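Read off the chains here:
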Amino acid sequence: MVVPAPGLPASVRIHEVGARDGLQNEKAVVPTEIKAEFVHRLAEAGLTTIEATSFVHPKWVPQLADAERLFPLLDDIQGVALPVLVPNERGLDRALALGADRIAVFASATESFAKANLNRTVDESLQMFAPVVARAKEQKVHVRGYLSMCFGDPWEGAVPVHQVVRVAKSLLDLGCDELSLGDTIGVATPAHVQSLLAALNEEGVPTSAIGVHFHDTYGQALANTLAALQHGVATVDASAGGLGGCPYAKSATGNLATEDLVWMLQGLGIDTGVDLGRLTATSVWLAEQLGRPSPSRTVRALSPDSHKE
C-alpha cells in the first residue's frame, strides 16, 4: 500500500554505486563482460545514474583494473549518467580520454582515514584534488565530491560535525557540483544525520547539493535515509543487492541495498523511475555470478529461492 508522508521530496534520484563501490570489495575478479552486463541491466531497470568504474591505479584496487576495457562497452547506453571515480590527475586523464563526462573525487573528513586511503593529510588530499576538479570543470565535466567518515571513524571515534562541515565546504569551494556524505562504517543515527545537514545549511551549503551514502552496519541505513529525506535531500546512494563495503575500513559492511531503498520509497509514494522487479532480477543474476546470496532483504523477500546455496 502506498501511503505518502508529508514534507518529503516528490522524487528521488538514486545514485547507483554497485558496479563500482559494490564490486571493488569483491576478492575474486569479476570478468569485464559481467560488469558491463550488470551496468546494462541496471540501466534497463530504470536507474539513471550508475557509477561505472574507477580510474585508480590497479595496484590499489585490482578489481577495477579493467576500467579502460569496461567503459567503451557502455557506449550504447543512452540517457544514463555514468560517473567514474578518479583519484588524481592521472586518473582524470584516463577518464577524459574515454569521453567520461561525470567524475567523482574521494575525500575524507578525518585525518586517520585520509592517511589510510590516500596516504595524505586531509588538507594535502584537498590540494591534490584542486587541479583535478579545476581541469574537469574546464572540460564541462560534472564533479561529485565523496566525503567519507562523516559520522564516525574506526580509529578516531565520533567525528565532530564542524570538522565534517569544514571539509565539505572545501570540496564545494574547489568547484564540486555535489557532495555525497558517507557514513563509511555505518554508525550514524537519524538525529545525527539531521544535525549534520542543518549545520551544512547554516554554513551556506544548499540541501540541493547534498546526497547521502549510508552503510547498514547497524541496520540504520533506511532510518538515516528517511531522516535525510525529511530534511529535503533528494539524492541517495545505494548498491544493487547491498554489495560493497570499504577495503580501507575493515569495520565497514555493506551499502544500503538499492532494492530496500526502492521498496521504502515506493511505499512513501516517492518516484524513482526504477522497476523493482527488474532490479531484483538483476541482483539475483549477479548473486549467481558471484556464487553467493544477496544480502538485500527485499531481494530475498521477492525472490525466495535467491537465498539458497
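Just so it is clear, the structure is predicted and the values come from calculations on it, not from any experiment. (Residues numbered from 1 in each chain as written. Predicted model: local features only at pLDDT ≥ 70, side-chain atom pairs only at ≥ 80, totals over all residues. Heavy atoms only, no water.)

Undergrad: Which residues make up the nonpolar core, and what values go with them?
TA: Among the nonpolar cores identified, the biggest contains 88 residues, and Phe 38, Leu 74, Val 84, Ile 103 and Leu 147 are the most heavily contacted of them. Sort the elements by how many residues they give to this core and helix α6 (residues 122-138) lands first, with 7 residues. For Ile 103, the contacting residues outside a window of four places in its chain are Val 84, Val 86, Leu 92, Val 132, Ala 136, Val 141, His 142, Val 143 and Arg 144. (Core = buried A, V, L, I, M, F, W, Y, C linked by side-chain atoms within 4.5 Å. Buried < 20%, exposed > 50% of the residue type's maximum accessible area, 1.4 Å probe, protein only. Helix = DSSP H or I, 4+ residues; strand = E, 2+ residues; numbered from the N terminus. Contact = heavy atoms within 4.5 Å.)

Undergrad: Account for empty space enclosed by the protein, naming residues and giving values.
TA: One simple way to see leftover space: roll a probe sized like a water molecule over the atoms. Under the criterion given, the structure shown has 2 cavities of 30 Å³ or more. The volume enclosed by the second largest cavity comes to roughly 70 Å³. Lining the second largest cavity are Ala 240, Gly 241, Leu 243, Ser 283, Leu 286, Ala 287, Leu 290, Arg 292, Pro 293, Ser 294 and Pro 295. For the lining of the second largest cavity, the residue count by class is 7 nonpolar, 3 polar and 1 charged. (1 Å grid on protein atoms, 1.4 Å probe; cavity = no way out; pocket = protein on both sides within 12 Å on 5 of 7 lines; lining within 4 Å. Points joined across faces, edges and corners; volume = space filled by probe spheres on them. Nonpolar A, V, L, I, M, F, W, Y, C, P; charged D, E, K, R; others polar.)

Undergrad: Got a sec to walk through the side chain of Ser 296? Specific residues and values, please.
TA: Following the sequence through the fold, Ser 296 ends up in the loop between α11 (276-290) and α12 (297-302). Since its relative accessible area comes to 1%, Ser 296 is described here as buried. A distance of 2.9 Å separates polar atoms of two side chains, one belonging to Ser 296 and the other to Asp 260. Once you skip the residues sitting within four places of it in the chain, Ser 296 turns out to touch Gly 241, Ala 257, Glu 259 and Asp 260. (Polar contact = N/O pair within 3.5 Å; in protein donor to acceptor, adjacent residues only side chain to side chain.)

Undergrad: Pulling in residues and values, what's your account of the pairing of strand β6 (residues 142-148)?
TA: If a strand is regular, its side chains alternate between the two faces of the sheet. Judged by how many residues are buried, β6 sits mostly within the fold: 6 of 7 residues are covered. Relative to β6, strand β5 (residues 102-108) runs parallel, the two being bridged by 7 bridges. Bridge pairing in β6 links Arg 102 to His 142. Bridge analysis of β6 against strand β9 (residues 178-183) gives 4 bridges, and the strand direction is parallel. The residue of β9 that forms the bridge with Gly 145 is Leu 179. (Pairing = 2+ DSSP bridges.)

Undergrad: Give me the layout of surface pockets: which residues, what numbers.
TA: Empty space within the second largest pocket amounts to approximately 280 Å³. Looking at the second largest pocket, it is lined by 19 residues, and the ones nearest its centre are Gly 242, Leu 243, Gly 254, Asn 255 and Pro 295.

Undergrad: Outline the pattern of salt bridges, supporting the account with residue identities and numerical values.
TA: Across all of its chains, the model carries 16 salt bridges by this definition. One salt bridge in this structure joins Glu 37 and Arg 41, with 2.8 Å as the shortest N-O distance. A residue pair is termed a helical-turn pair when its members lie 3 or 4 positions apart in one helix, as Glu 37 and Arg 41 do in helix α2 (residues 32-44) at 4 residues. For Glu 37, a relative accessible area of 32% corresponds to the partly exposed category. For Arg 41, a relative accessible area of 26% corresponds to the partly exposed category. One continuous salt-bridge network, built from bridges that share partners, spans Arg 13, Arg 144, Glu 178 and Asp 237. (Salt bridge = Lys/Arg side-chain N within 4 Å of Asp/Glu carboxyl O.)

Keep in mind these numbers describe shape, not what the thing actually does.
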